[in-house]
Amino acid sequence: MSGLTVCVTGASGFIAGQTIRALLEQGYNVRGTVRGDPDSAQYSYLRDLPQAERLSLLPADLTQPDSFDAAIAGCDYVLHTASPFLLEVKNPQHELVDPAVNGTLDVLRATQRADTVKRVILTSSVAAITDEPDSNHVFTEEDWNRKSSLTRNAYFYSKVMAERAAWDFMSSQHTGFDMVVLNPCVVIGKSLGPALNASNQLFRELLTGAFPGIMALNFCMVDVEDVARAHILAMENPDAEGRYICYSDAMTMAELVEFLRQQGYSASLPSRDLSAGWMSALLKLLSYTQSKGSGDFIRARLGKTMRITNAKICAELGMTFRPVKDSVMATVADLQKWGHVALD
Ligand code: NDP
């Protein structure tokens, strides 16, 4: 029984839910922050977790200055996962960048005021490492995404800006705590709550015929339960330092479709092969007719192979990742469980 208290911001989130479950299982007391009424039924799946007598939910909002103070006061650790994860927005500065950056700084200031916290784990993203695969380069923690902007992959930009602001804060302030950053790639797997996460949504689209065909795209994936474990390893290991990419393995869209077909999910999977080079060029043109978020994403990625390494987290934190095909199956089962897809 650890007896230590951990604040998890954005407790209603996909990653936060699994992290809270794992923290409670390991004997931690958990303070989760939520935007809504902490007593409302929408959070009952958290209150029903095993050992939830050690969980309390408190209100806090990234757009409300000083609103994290009560949740962080007296805590030993802070896991800052809250951030808007939206691919389609009207006003990227207002909806993405401001809450991500100002909210992160607010959490760090509240942590400083609390004066009890040993370490903050910031959930950044591979989005802060790159928004564009490069077949000739293996991305590591040394890399920074310098291409995203308010007009190109704005969600990615919000993650870069928030992580940079956090490192700047840490280097300019005399804090009594340190910070470790996690950079997960596309997080998939089992959700504790009914909401459909933006990353699992990819599978719903794949399974429900939303893609016109099999495109030259590859996806670097990691299981949400592994990301939860990585948060705790990064928190507990005194030698943890800097950024850590969380990544299990990559699959191309063709490999995903073939694997899902083998598992018997054939009905609405895309079948037309759109992966030839000339087809990618055409799809890039057509992507300008799609929503801004999807169009940006597709244009930056089509025809390129994303290569990334998890060597640092495996070597320094002893992290292991479950096979990506197991996570794919867990994701499909979860989509069915919550009624996000109806499959035979
Ligand atoms: P979710 O969308 O499931 O969770 C996001 C959380 O942030 C929710 O709890 C949400 O609260 C909260 N939030 C959003 N805006 C605000 C706000 N203004 N004030 C307070 N809370 C807010 O996403 P994930 O769990 O997937 O993401 C968690 C973190 O991991 C994010 O920082 C994301 O960028 C990062 N990440 C996610 C990846 C993925 O593939 N899923 C990959 C890499 C990084 P509410 O429920 O009220 O909306």
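An account of the accompanying structure is given in this report. Just so you know, these numbers come straight off a predicted model, no measurement behind them.

Cut-offs applied
- Residues numbered from 1 in each chain as written.
- Predicted model: local features only at pLDDT ≥ 70, side-chain atom pairs only at ≥ 80, totals over all residues.
- Heavy atoms only, no water.
- Phe/Tyr/Trp six-rings, centres within 6.5 Å; stacked < 30°, edge-to-face > 60°.
- Lys NZ or Arg CZ within 6 Å of the ring centre and 35° of its normal.
- Helix = DSSP H or I, 4+ residues; strand = E, 2+ residues; numbered from the N terminus.
- Expected span 1.5 Å × (residues − 1).
- Buried < 20%, exposed > 50% of the residue type's maximum accessible area, 1.4 Å probe, protein only.
- Salt bridge = Lys/Arg side-chain N within 4 Å of Asp/Glu carboxyl O.
- Axes fitted to C-alpha atoms, helices over the stretch in contact; angles between N-to-C directions.
- Parallel < 35°, antiparallel > 145°, perpendicular 65-115°, else oblique.
- Left-handed = near helix turned anticlockwise from the far one by under 90°.
- Contact = heavy atoms within 4.5 Å.

### What to know about the packing of aromatic side chains
Taken as a whole, this structure holds two aromatic pairs when the rule is applied. Considering the side-chain rings of Tyr155 and Phe156, the 6.0 Å spacing of their centres and the 80° angle between planes classify their relative orientation as edge-to-face. Through a chain of ring-to-ring contacts, the aromatic side chains of Phe85, Tyr155 and Phe156 assemble into a single cluster. The ring of Tyr244 carries the charged tip of Lys312 above its face, separated from the ring centre by 3.7 Å.

### Some details on helix 1 (residues 14-25)
Helix length check: helix 1 (twelve residues) gives 17 Å between terminal C-alpha atoms against 16 Å at 1.5 Å per residue, within 8%. Summarising burial for helix 1: ten of the twelve residues are buried, a large majority. Just downstream of helix 1, Gly27 is the residue with a positive phi angle, here 95°.

### Let's talk about the pattern of salt bridges
The full count for this structure, using the stated rule, is 13 salt bridges. Linking Asp178 and Arg119 is a salt bridge whose minimum nitrogen-to-oxygen distance equals 2.8 Å. With Asp178 in strand 6 (residues 178-184) and Arg119 in strand 5 (residues 119-123), this residue pair connects regions lying 59 residues apart in the sequence. Since its relative accessible area comes to 5%, Arg119 is described here as buried. Salt bridges linked by common partners bring Asp131, Glu132, Lys147, Arg152 and Lys304 together as one network.

### Focus: the packing of helix 1 against helix 7 (residues 224-236)
The angle between the axes and the distance between the axes are what describe a pair of packed helices. Orientation of helix 1 relative to helix 7, taken along the N-to-C sense of each, is 60°, at an axis distance of 8 Å. By the angle class used here, helix 1 and helix 7 are oblique. Helix 7 is crossed by helix 1, and the crossing has right-handed handedness. Note on element contacts: helix 7 touches helix 1 through Val224, Glu225, Val227, Ala228, His231, Ile232 and Met235, opposite Phe14, Ile15, Gln18, Thr19, Arg21, Ala22 and Leu23.

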